[in-house]
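# Topology and contacts: notes
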Amino acid sequence: QQGDVAGAAAAQPRNWYDGIESVKVLSPGDASQEAVDDIYHRQRDAQFGESRVAMLLTPGVYPEAFNITVGYYTSVIGVGRDPSVVRLNSVASHNGANGHATNNFWRSFEGVTLWAPTITWAASQGSPIRRSVIERDLHLSERDGFSSGGFIADTKVMSKLDLGSQQQWLFRNTDLMGELACPGGWNYVFVGVHGASADAMARCGAGTEGKVSVTKHTPRIAEKPYLVREDDGHKWHIYVPKYYDRQTKGATVKYADTIDRKLSMEAEVFVATQDLSAAEINRGIQGKKGLLLTPGIYRLAEPIKVSADNFVVLGIGFPTLVATWGKPAVQVPDGLHDVRVAGVLLEAGTPKAEAETSPLLQWGARQPPPADETFRRRKKRLLGAEEGAAAGVLSDVFARVGSFKYQGCPMVQADTMVEINSDRVVLDHVWLWHADHDDCGTQPEGVDVQSDRCVSKHGLLVNGRGVTSYGLAAEHIAAGHNVLWNGEDGEAYFYQAELPYHDKEFGLRGYAGYAVAPSVEAHSASGLGVYIIGAELELRSAFIFPATVQVRNMVSVVIAGSNDQFQNMACLREPTASVEGAGAEKHGRQCFKAQSCRGIRCVLDHIP
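What comes next concerns the included structure. Just so it is clear, the model here is predicted, and its values are computed rather than measured.

### Observations concerning the overall build of the chain
From N to C terminus, the chain includes 6 helices and 51 strands. Taking 2.2 N^0.38 as the reference for a compact globule, 608 residues should give roughly 25 Å; the C-alpha atoms of the chain span a radius of gyration of 23 Å, in line with that estimate. For the chain, long-range pairs separated by at least 24 residues make up 65% of all intrachain contacts whose partners lie at least 6 apart in sequence. Here the chain holds 59 positive side-chain charges and 70 negative ones, and the gap between their average locations is 4 Å.

### A short note on the state of the cysteines
For the structure on display, the rule yields 4 disulfides. The disulfide partner of Cys571 is Cys591, and the S-S distance across this bridge is 2.0 Å. Given an S-S torsion of about 105°, the disulfide between Cys571 and Cys591 has right-handed geometry. Note that Cys571 is positioned in strand β48 (residues 566-573) and Cys591 in strand β49 (residues 588-592), a separation of 20 residues in sequence. Here Cys571 falls in the buried class, since its relative accessible area comes to 1%. Linked covalently through their sulfurs, Cys597 and Cys602 form a disulfide whose S-S length is 2.0 Å. Every disulfide takes its handedness from the sign of the S-S torsion; for Cys597 and Cys602 that torsion is 105°, giving right-handed.

### Considerations on the packing of aromatic side chains
Enumeration according to the criterion identifies 27 aromatic pairs in this entry. Between Trp16 and Tyr17, the ring centres sit 5.3 Å apart and the planes meet at 90°, which makes this aromatic pair edge-to-face. In this pair, the class of Trp16 matches that of Tyr17, namely buried. Centre to centre, the rings of Tyr72 and Tyr73 are 6.2 Å apart; their planes meet at 45°, and the pair counts as tilted. As far as the burial class goes, Tyr72 and Tyr73 line up, both buried. Above the ring of Tyr470, the side-chain terminus of Arg172 is found at 6.0 Å from the ring centroid.

### Concerning the nonpolar core
Residues Leu346, Tyr514 and Phe545 are the most contacted members of the largest nonpolar core, which totals 81 residues. Residues in contact with Tyr514, not counting those within four places in the same chain, are Val483, Trp485, Ala492, Tyr495, His523, Ala525, Leu528, Ala542, Phe543, Ile544 and Phe545. Residues Tyr62, Ile152, Phe190 and Ala196 belong to the second largest nonpolar core, which totals 43 residues.

### Details of unusual backbone geometry
Omega for the peptide link from Gly149 to Gly150 comes to -10°, which places this bond in the cis form. Of note, Gly150 is situated in the loop between β13 (137-139) and β14 (151-153). The omega torsion across Ile607 and Pro608 is -5°, close enough to zero to call that bond cis. Non-glycine residue Trp325 carries a positive phi angle of around 60°.

### Here we look at helix α2 (residues 33-43)
Within the span of α2, buried status applies to Val36, Ile39, Tyr40 and Gln43. Along α2, the residues classed as buried sweep out an arc of 100° about the axis, all on the same side. Summarising the contacts, the buried residues of α2 are in contact with β1 (23-26), β2 (53-57), β4 (67-69) and β5 (74-78).

### Quick notes on the sheet that holds strand β16 (residues 161-162)
With parallel pairing, 4 strands are arranged side by side in an open sheet as β10-β13-β16-β19. Edge positions in the open sheet fall to β10 (118-120) and β19 (180-181), since each of these has one partner strand only. One ladder, built from 3 bridges, connects β10 with β13; its direction is parallel. Bridge pairing in β13 links Ile119 to Leu138.

### Things to note about the environment of Trp121
Along the polypeptide, Trp121 turns up in the loop between β10 and β11 (129-130). Note: C-alpha distance between Trp121 and Ala101 (20 residues apart in sequence) is 9.3 Å. Engagement of the side chain of Trp121 in a polar contact is seen with the backbone oxygen of Ser127, the distance being 3.2 Å.

### Comments concerning the environment of Glu179
With respect to the helices and strands, Glu179 occurs in the loop between β18 (175-176) and β19. Those residues in contact with Glu179 that sit more than four places away from it in its chain are Ser159, Lys160 and Leu161.

### Things to note about the pattern of salt bridges
Per the counting criterion, the structure on display carries 25 salt bridges. Across the pair Lys24 and Glu21 runs a salt bridge whose closest N-O atoms are separated by 3.7 Å. Linking Arg87 and Glu135 is a salt bridge whose minimum nitrogen-to-oxygen distance equals 2.8 Å. Placement of Arg87 in strand β6 (residues 86-88) and of Glu135 in the loop between β12 (133-134) and β13 is noted, with a sequence separation of 48 residues between them. On the basis of relative accessible area, Arg87 is assigned to the partly exposed category, the value being 25%. One network of salt bridges, with partners in common, ties together Glu110, Arg130, Arg131, Arg172, Glu223, Lys224, Asp396 and Asp428.

### A closer look at the pairing of strand β41 (residues 468-475)
Most of β41 is tucked away, with 8 of its 8 residues classed as buried. As paired elements, β41 and strand β43 (residues 490-498) share 5 bridges and run parallel to each other. Its bridge partner being in β43, Ala473 is matched across the sheet by Gln496.

### Structural notes on the side chain of Lys224
Note on placement: Lys224 falls in the loop between β22 (221-222) and β23 (226-229). A distance of 3.1 Å separates polar atoms of two side chains, one belonging to Lys224 and the other to Glu110. One polar contact links Lys224 to Asp396, side chain to side chain, over a distance of 3.1 Å. Ignoring any residue separated from it by four or fewer positions in sequence, one finds Lys224 in contact with Glu110, Arg130, Pro241, Leu314, Ala342, Gly343, Ser395 and Asp396.

### Things to note about the pairing of strand β40 (residues 455-462)
Buried residues dominate β40, accounting for 6 of its 8 residues. Strand direction decides the pairing type here: strand β38 (residues 412-420) and β40, joined by 6 bridges, are parallel. Looking at β40, one finds that Thr416 is bridged to His458. Relative to strand β42 (residues 483-485), β40 is paired through 3 bridges, and the arrangement is parallel. Across the sheet, residue Leu460 finds its bridge partner in β42, namely Val483.

What counts, and where the lines are drawn
- Residue indices follow the written sequence of each chain, beginning from 1 at its first position.
- A pLDDT threshold of at least 70 governs which residues receive local features in this predicted model, and a stricter bar of 80 or more applies before side-chain atom pairs are shown or counted, although totals over entire chains, interfaces and linings include all residues.
- Values reported for side chains reflect all heavy atoms of the structure, with hydrogen atoms and water molecules removed beforehand.
- Only runs of H or I of at least four residues qualify as helices and only runs of E of at least two qualify as strands under DSSP, and these elements are numbered from the N terminus.
- Restricting the calculation to C-alpha atoms gives the radius of gyration, and the globule rule supplies 2.2 Å times the number of residues raised to the power 0.38.
- What makes two residues a contact is simply this: any of their non-hydrogen atoms within 4.5 Å.
- Positive charges are assigned to Lys and Arg, negative charges to Asp and Glu, while His and the chain termini are left out of the count.
- A charge is said to be at NZ when it belongs to Lys, at CZ for Arg, at CG for Asp and at CD for Glu.
- The disulfide criterion used throughout: a pair of cysteine sulfur atoms within 2.5 Å.
- Categorising residues by exposure relies on relative accessible area from a 1.4 Å probe, with only protein chains included: less than 20% of the type maximum marks a residue as buried, more than 50% marks it as exposed, and the intermediate range marks it as partly exposed.
- Pairing of aromatic rings covers Phe, Tyr and Trp, the last counted by its six-membered ring, and requires centre-to-centre distances within 6.5 Å; plane angles under 30 degrees mean stacked, over 60 mean edge-to-face, and any other angle means tilted.
- We call a charge positioned above a ring when the Lys NZ or Arg CZ atom is no farther than 6 Å from the ring centre and deviates by at most 35 degrees from the ring normal.
- In these notes, a set of buried Ala, Val, Leu, Ile, Met, Phe, Trp, Tyr and Cys residues joined through side-chain atoms within 4.5 Å is what counts as a nonpolar core.
- Think of it as the arc spanned by the lines of direction from the helix axis to the C-beta atoms.
- Note on pairing: two strands pair once DSSP finds at least 2 bridges between them.
- Pairing of N or O atoms within 3.5 Å defines a polar contact, subject to two protein rules: one partner must be a possible hydrogen donor and the other a possible acceptor, and residues neighboring in sequence count only if both atoms are side-chain atoms.
- Only one rule defines a salt bridge in this text: a Lys or Arg side-chain nitrogen within 4 Å of an Asp or Glu carboxyl oxygen.

If you want it as structure tokens, here you go:
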């Protein structure tokens, strides 16, 4: 009889997360406040630490006194079919050790309903809120602390939303059902948001020109894939939301109606852990439909290679993919349809050298410039860019270049962080950061500039057509334009760049925070902000565009300096001009100064 019991136990299916210490699966009956507090105390100040954590909350109502506070590299993820079935009091992020939230990066929550009277999410870049319901008030900063976010999508805020000290924020497909308070702020962008009425936006703008940008509908999107534990308590899937190549507005109403496909964790998904090599991961995903990257640091000697249509790469708990040997961390070839890459942190691990590195993430191969319209049409067919077809979506993809102690404080290089060569790719929350501080000596004051000796040329390089971005940020990149957009028909909704204020050569070389190639015939953007800290860096122009662009609400900010460090807000270039380097300066066709300044902030409300 004992043998029968042992045999039955051995026959029980093994959970995909068994033995993975960085994945914590909680349920209402075993939700330990002490355990989640221990995680928080470990992660609270670990900005450049090695530990990563995913807390998976299974469906149910959690004890009234149970609260989760998150620190660095922590994801709180409700794993129900929709957020209404995972209910708890609060998930919170508080000001950091400096009394502010400006360094509160790499944390997230999604898939939950929160009922506390006030939810405080004092966070900055790389800290998304998704697929959630906030039943009472949501505060996006804490007390007098500064904050520099942020991103919310597919979320309902049922009472007051207070942006507090937030400098900038992107709201996409969100329902704002109560009061909206915007006491400060430089650049708030609302795309496909219920509650973004003219009256509400006027109050939010409070007479500050260009502070608020509204696009009534989201032109195209697919929400981020997510983990679900089914109602039987045993089966797990990755749910993959539909791609909508049409206008949408507001948060999801019926989640069951929005799912395109479900990937069985048991049969269709390869689960990777940080001890695996890239070669082992690539072998593991053969014949599978998805890859789940669990929390950890993956040192990759070759790229993770996506090779199938409809493939999903989903990271939980900020898995960090360190690219080495000058190769990408993730590579997606041309010609694929509806690929999803979500929830990963890319990191440069190639030592600084003369040779150019490949991008940390490369989507599609670089193509020669089209010689004629026939080539353009052929390229469009090859890259899956017909109407209604999408190459895929990047969701919550972050990248960094810097010198960090856990890697031995090396000087590293990534010439480009993310490069998009395929057509019709959607970027849904991407932050590309060259470290302006680290744990190897670099401080904001510019003392001992170890990370400044690292090399990055572009945060984002776009060569594909019809690429759309929501919630894009690229910062401190010194060897080129922080963003360079060569592809036609690009659309950008929200952009934030803090320039490399440690390097005054950036301005002398003629670089800008955001540049669109002079040959581009169609490009539109809304809610773009470029900032300088200190009095040393001067720029001819925050933005470089062709004359054909349509741009709304360009913002420049100079902290502890003078507004005239930006000589112009934007300069237009002739189609035959170069977009790179100081030699391009003389090709400027027309430059526009800010139309108004208030304090440290200036604005130009439109081109043309």
